[in-house]
Amino acid sequence: MAAPVENKVKAATSATFLVSLLIAVLNGVVADDSLLQPLPAWLQPIVIALVPTAVTFLSGWSAAHSPRTPSGS
């Protein structure tokens, strides 16, 4: 049987999904580059890649660890 998924992993996965969904919705609503237009063109794909990554890191880092239970060996 597989071990349960730790709370930190659940928090990071959920946060990344929500931020990625938000970026996709905003991109669909705007339908052009005006959302990131203030940024130089070379920086826009970097920002799009780093925002979900940063949210994943911060949510995983701030979530509490799941309590460990001794395995029955």
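As shown above, the structure is provided for reference.
Residues numbered from 1 in each chain as written. Predicted model: local features only at pLDDT ≥ 70, side-chain atom pairs only at ≥ 80, totals over all residues. Heavy atoms only, no water.

**A short note on the overall build of the protein chain**
Reasoning step 1: Secondary structure assignment for the protein chain yields two helices and zero strands.
Reasoning step 2: Every one of the 73 residues in the protein chain was classed for burial, and the buried ones make up 15%.
Reasoning step 3: Within the protein chain, contacts between residues separated by at least 24 positions form 82% of all contacts whose residues are at least 6 apart in sequence.
Reasoning step 4: Taken as a whole, the protein chain presents about 5800 Å² of accessible surface, with 72% of it coming from carbon and sulfur. (Helix = DSSP H or I, 4+ residues; strand = E, 2+ residues; numbered from the N terminus. Buried < 20%, exposed > 50% of the residue type's maximum accessible area, 1.4 Å probe, protein only. Contact = heavy atoms within 4.5 Å. Areas by Shrake-Rupley, 256 points an atom, 1.4 Å probe, with all protein chains shown as cover.)

**Quick look at the environment of Leu39**
Reasoning step 1: By the element assignment, Leu39 lies in the loop between α1 (7-30) and α2 (44-62).
Reasoning step 2: Discounting residues that sit within four places of it in the chain, Leu39 has contacts with Gln44 and Val47.

**Let's talk about the side chain of Lys8**
Reasoning step 1: Looking at where Lys8 falls in the secondary structure, it is placed in helix α1.
Reasoning step 2: The buried category is assigned to Lys8, whose relative accessible area is 18%.
Reasoning step 3: Setting aside anything within four residues of it in sequence, one finds Lys8 in contact with Gly60, Trp61, Ala63, Ala64 and His65.

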